[in-house]
Structure formats: C-alpha cells, structure tokens
Amino acid sequence: MEISEWDLIQKCQKGDVTAYEELAAKYYRRVFMVVLGMLHHQEDAMEVAQETFYRAFKNINRFKGGSSFYTWLYRIAVNLAIDFQRRQKRGVMDFKENMDEVIVETERLGSDPYREVRDRELGERLLAAIDQLTPDHKAVIVMRAVEGLSYKEIGRTLGCSEGTVMSRLHYARKKLQEKLGSYL
Amino acid sequence: MKAKRKLPRSLFRAALLFSLWLALLPAPLGAAEKGQPGVQVKIGTILATNQADCSDSQLSKMKQQLEVIKYRCYHLVKEESQKASWLANAVFEIPGGRSLVVMPQEYRNNRISLKVRLLEGEKPIVDTTVRVPNRGNFLLGGPAHEGGVLILSISAATQ
Amino acid sequence: MTRDCEEIKSLLGAWLDGELGASEAAEVRLHLQGCASCLGEKARLEKLQSSLKSVLEAKASQLAFEPFWAGVRQRIAEERPWHARLIDWARAVLSPPRLAWAIPAVIIILLAGLSLEQFFPGWRWALNRSNLAAVESIDGHGFNVALLRESKTKTTVIWLFENHEGEEETSAEPVSGGPAF
Ligand SMILES: [Zn+2]
C-alpha cells in the first residue's frame, strides 16, 4: 500500500520526522536543481536546499493543501535562494573553474563525443552566465526552464505581475544569448 | 576586555568592523563558515594489546582518552594526515587490508560533520556519521589485529 | 497588421512558453513558416531552455540523498525539544535494518547516562560540551556496536565487536577481547 502524500504531510504536522524523510527523498533533487540554477555554487545550493526542507518542516502546520506540496516547497526554495544571494554577494564566477570538469568528463562520452562536449560546455557556460544575472532574473529563467511554470505561477512565487515576469524573462534570455553567442 | 583598551584605535576599529561583519554573516542559513577550503583529517592507528604494560610516548596526548578503554598497552602503528574537500572522500589505508573513507559533510556550530566508513577489503564494516568539534577527535575501535585490536583516532580541523 | 522580424523575435520567448494570446500566437506561427532568421532564433531559445534543464538535471542526479538528509535532520534536531529527539533517536538506532537478507545486531551501550548530554544540551557538562563528538548514526553491518561517550576526558568511542559466529543470531554478549570500559 502506498501512503499518499497528504497522509505523510499530516504525519509531519504531528512532528513525525520519518514521514518527512520520505517527502524529502521524493523532492530533494528537484529543489536542488532550482536552487543550484540560481546559486551556481554546489555548496551554497546544498546549504539553501537543506535550509528549505528544514524551514518547510518547521512551518509545515501552515501548509493547508491549497497548492501541491512541491509548489509550496519551491516557493520557499526560490525565496531563500534570492535572499541568500542578497546576503552573500559573492564575486563574479570564473569560467575556468567549471571548464576543468568538462575536460575530466570527456573520458566517458557516448556516440557523438564532439556534440556532447559542446553541450556540456554549453551547460557549464550557461550556469556561469546565469550566475551574472540579478537574483530576480535568475529566478524567472530557472523556474521557467526547470519547472516549466506559467508566468502567473512564477509571478505568485516572486510577488510580481505576469507582465513583469514576461519582461524579466525576455531580458534574461537576451542577456544569456549575448553571453553564450556561438555556443547556442 | 581590559587588554583591549590599551590597543591602538585602528586595531580597535578593525576588531569592531570584524565583529560587525561576523554579525552580518548569513547566520539564519547556517552558512557560518563559507569558503572553507577543506578539512585536515588525521587518522592515528593504534594497536591495543593486553600482553604487557607499556606506554608509547607518541600517544601521551591521548593518554586520558585511551585509559577509558582500559587495555594494558597502546602503540601508535601509523599516523596519516590528508586534506579533504567538502563532500569529497578521503581514503586512508589502515593495517590489515582495511581502509577508512572519510567525507567531511558540513561545518556548523563549530563542528565538522564527518561521514566515516571502515572497510575490510571491499566489505564495509561500519558506517557512521559523527559531528566532531573542530580540532577534536573521536575513536573507532574493535577490529582484531596482530593479537590485539586496532583503535583509530579520527580527528578533523577546518583550514 | 504585420510585424517585422524584431517584433516577432521579441515575442518568441513568450510564444514558446505558451503565454501569448491566440491572435498573437497565430501571427508568430505564420511568420515562422516563412522566415529562416526567426526560426533560427526560435531554435536558440529552445536550446537555451533545454540545456539549462539538462545540465541541472545532470548535476542534481549526482546528489545522494543521505548526506543531503543528514543536513536537514541536523537542523531539525537542533530545534526540537529533547523528548522528541530522544524518541527519534531511539527509533533510528533501534529500528530493524531495512535489508531483509542481513540480520545485523546493533547494541548500543549507553554508559552511566553519559550520552544523555546529547539530548540535554547544556546539562551539567555545558562547559565541555563543545569538545565532545556527537554520533549521529551508526550502522555496524552485522557487527555489534557499542557507543561510549565520556565527557570528562572528552572521549567518544565507537566500538565494534566482531561476530565470530558469522550469521548466527544476535549474540547479545560482546565477544571476549572487547574493552572493559
Ligand atoms: Zn522573421
């Protein structure tokens, strides 16, 4: 018998950490993806993703089931990630740091190695380019790409209008295209 | 605080700025120690036996800790130190075809969370996660070795 | 009214996202049928989107749950009242192993309440507390395990008792040769 998500949530609301572990196992990767897209640095992303799950558990009594549990989670995650960047203000990322990974990975490539290397490189460059956007621009681009969310939903998460989401997305994409140039 | 009053003004101001900076760190996220390059992990392998009383001068610092275990003789067989990156494995060779895999997981509240696995050949003997105080240690003992038992002192320090 | 390429390009993102009204969407679709330049732009936007998703997916797939959860649980544990933590801890330590084929016996010896310090932070050993390692989890893989924490000498010991009988049922008594603690 599979225990439904709502049952698990109700257990969590009674303080059951084991039930919460199940929920976390289900969603941690998706949350991590969103946060990593916004923060670029693995350690920071891990920190914020863990904090997301911690805060969600702490406030789980506030979750009434109006949206899906995951929607609720990523709203926390996105806002924590924005918050984190405002506190952190790291220096600009150096491309080279990521390029090493690209070279190491070439050993286990598939049918079209050249294409795969290029795609991988594109991925890394893309993350580095996103890292240079403002927190709000990062948030829209990542939410749209990872979750395929509607402008309305993105706007709800960030507390802005659909029009704002549209113009931020447009701006962010343009910037990324400029930075990536021939890689696309 | 008395000593501080004698410090030059510039030093005092620097200290003030430093503590302000500390206070403004993103504490709510627990990211107390951002940018730590890694962890120095040191493994001391100690052979404990009951054949005769003895003492190893290299272990004098650990004397009190070892007395808790109550063997008659302790001998430091090997000591190895490695720099481990966060969330990366550091592998230490332990006598008797064993190995110890240590992964520093995170640093919070002045403690380093270490994930530790002891293997005999390929076979895992124990998996444990321990939060060690920075520059502190813990002991992992029990595997039989040359008529005695091995005790591993696992210590960690941020860099 | 027909739009030029620049206008169409500025709408492409929203069009791909399915966020344009019906008439505008139709206009874009029509334009794309006869414009290589805008088609190229569309392909680039699609690639941008899909590359981002796949690079993040690839990175997230490398993240193991265990270390991730350890961090979450630790945050939770630090906030919860001691009695709740005690119950969780007991459940984690005493619950039967999940793998059906193994019957590992895990014995935890808590000596003289020394480990209580973990659950009563600040109690009695407040001064030494930061110097004592805290054990979060132990899995003995079939070995009997003892845990000793001695605050006076700041010692935390995890002790493995080899189970010489192999797969025999739980031997509650530590095999001879163990420490006399
Ligand atoms: Zn056109």
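Residues numbered from 1 in each chain as written. Chains lettered and ligands numbered in written order. Predicted model: local features only at pLDDT ≥ 70, side-chain atom pairs only at ≥ 80, totals over all residues. Heavy atoms only, no water.

Can you help me understand the overall build of chain A in this one?
Along its length, chain A carries nine helices and zero strands. Along its sequence from the N terminus, chain A presents helices and strands in the succession α-α-α-α-α-α-α-α-α. Relative to its 184 residues, chain A shows a buried fraction of 53%. Within chain A, counting contacts between residues at least 6 apart in sequence, those at least 24 apart form 66% of the total. In the form shown here, chain A has an accessible surface area of approximately 8,800 Å², with 47% of it arising from carbon and sulfur atoms. (Helix = DSSP H or I, 4+ residues; strand = E, 2+ residues; numbered from the N terminus. Buried < 20%, exposed > 50% of the residue type's maximum accessible area, 1.4 Å probe, protein only. Contact = heavy atoms within 4.5 Å. Areas by Shrake-Rupley, 256 points an atom, 1.4 Å probe, with all protein chains shown as cover.)

Even after reading the chapter, I still don't get the nonpolar core, so can you show me in this structure?
In globular proteins that are soluble, nonpolar side chains generally tend to be buried together. One finds A:Tyr20, A:Phe53, A:Phe69, A:Val78 and C:Leu56 to be the most contacted residues of the largest nonpolar core, which totals 87 residues. The leading source of residues in this core is helix H2 (residues 17-39) of chain A, at 15 residues. Apart from residues no more than four positions distant in its own chain, A:Val78 is found in contact with A:Val34, A:Met38, A:Ala139, A:Met143, A:Thr157 and A:Leu158. Counting residues in each nonpolar core, the second largest holds 34 residues, with B:Val39, B:Leu100, B:Val116 and B:Ile154 among its members. (Core = buried A, V, L, I, M, F, W, Y, C linked by side-chain atoms within 4.5 Å.)

Can you walk me through the sheet that holds strand E3 (residues 155-161) of chain C in this structure?
Spatially, six strands are ordered E2(B)-E1(B)-E8(B)-E7(B)-E3(C)-E2(C) in an open sheet, and the strand pairing comes out mixed. With partners counted over all chains shown, the strands left at the sheet margins are strand E2 (73-84) of chain B together with strand E2 (144-150) of chain C, one partner each. If you compare each strand with its neighbour and ignore which way they point, the axes differ by 20° on average. Sheet topology note: the strand E7 (residues 136-145) of chain B/strand E8 (residues 148-158) of chain B ladder contains eight bridges and is antiparallel. Opposite B:Gly141, over in E8(B), you have B:Ile151 as the bridge partner. (Pairing = 2+ DSSP bridges. Axes fitted to C-alpha atoms, helices over the stretch in contact; angles between N-to-C directions.)

Help me out: how do you make sense of the coordination of the zinc ion in this one?
The expected angle between donors at a tetrahedral four-coordinate metal is 109.5 degrees. At an octahedral six-coordinate metal it is 90 or 180 degrees. Residues and elements named next belong to chain C. The protein atoms donating to the zinc ion are Cys5 (SG), His31 (NE2), Cys35 (SG) and Cys38 (SG), with metal-donor distances spanning 2.0 to 2.3 Å. Classification of the site at the zinc ion as tetrahedral follows from its four donor atoms and the range of 102 to 117° in their angles at the metal. In primary sequence terms, the donor set of the zinc ion follows C-x25-H-x3-C-x2-C. Since its relative accessible area comes to 0%, Cys38 is described here as buried. (Donors = N, O, S within 2.8 Å, 3.2 Å for Na, K, Ca; no water. Tetrahedral: all angles 85-135°; square planar, octahedral: opposite > 155°, others 65-115°.)

Is there a simple way to explain the packing of aromatic side chains in this structure?
The way to describe two aromatic rings as a pair is by their centre distance and the angle between their planes. Residues and elements named next belong to chain A. In the structure shown here, the tally under the stated rule is 16 aromatic pairs over all chains. Plain terms: the ring middles of Tyr20 and Phe57 are 4.8 Å apart, the flat faces sit at 45° to each other, and that makes the pair tilted. Taken together, the residues span a long stretch of sequence, with Tyr20 in helix H2 and Phe57 in helix H3 (residues 42-58) at a distance of 37 residues. Across this residue pair, the class does not change: Tyr20 and Phe57 are buried. Measuring from centroid to centroid gives 5.6 Å for Tyr70 and Tyr74, while their planes differ by 50°, and the two rings are tilted. Of the two residues, Tyr70 and Tyr74 are both situated in helix H4 (residues 69-88); the distance of four residues between them amounts to about one turn of the helix. You'll find Tyr70 and Tyr74 in the same group, each marked buried. Three or more aromatic residues link up through ring pairs in this structure, and these residues are Trp6, Tyr27, Phe63, Phe69, Tyr70, Trp72 and Tyr74. Sitting over the face of the ring of Tyr70, Arg30 holds its NZ or CZ atom 3.9 Å from the ring centroid. (Phe/Tyr/Trp six-rings, centres within 6.5 Å; stacked < 30°, edge-to-face > 60°. Lys NZ or Arg CZ within 6 Å of the ring centre and 35° of its normal.)

Help me understand the state of the cysteines, please; the structure alone is not making it clear to me.
Linking two cysteines covalently through their sulfur atoms gives a disulfide. Residue and element names in this part refer to chain B. Under the defined criterion, the tally for this structure stands at one disulfide over all chains. With a sulfur-sulfur separation of 1.8 Å, Cys54 is cross-linked through a disulfide to Cys73. Negative torsions about the S-S bond denote left-handed disulfides, and the value of about 85° found for Cys54 with Cys73 makes this one right-handed. Placement of the pair is Cys54 in the loop between strand E1 (39-49) and helix H3 (63-67) and Cys73 in strand E2, with a sequence separation of 19 residues. Residue classification places Cys54 among the partly exposed positions, given a relative accessible area of 35%. (Disulfide = S-S within 2.5 Å.)

For this particular structure, what's the right way to read the environment of A:Asp44?
Structurally, the position occupied by A:Asp44 is in helix H3. Separated by 40 residues in sequence, A:Asp44 and A:Phe84 have C-alpha atoms that sit 8.6 Å apart.

What should I look at first to understand the interface of chain A and chain C in this one?
By a widely used convention, the size of an interface equals the accessible area lost when the partners come together. Counting from both sides, the interface comprises 49 residues of chain A and, opposite them, 37 residues of chain C. Of the roughly 4,000 Å² buried between chain A and chain C, counting both surfaces, carbon and sulfur atoms make up 65%. Interface area lost by chain A to chain C is led by A:Tyr28, A:Gln50 and A:Tyr54, which between them contribute 14%. Where chain A touches chain C, the interface holds five salt bridges. The closest approach of N and O atoms between A:Arg173 and C:Asp17, which form a salt bridge, is 3.0 Å. Our count for the chain A to chain C interface comes out at 18 residue pairs in polar contact (both at pLDDT 80 or more). Per element, the largest residue contribution to the side of chain A that touches chain C is twelve residues, and it comes from H2(A). (Buried area = accessible area lost by both parts, 1.4 Å probe. Salt bridge = Lys/Arg side-chain N within 4 Å of Asp/Glu carboxyl O. Polar contact = N/O pair within 3.5 Å; in protein donor to acceptor, adjacent residues only side chain to side chain.)

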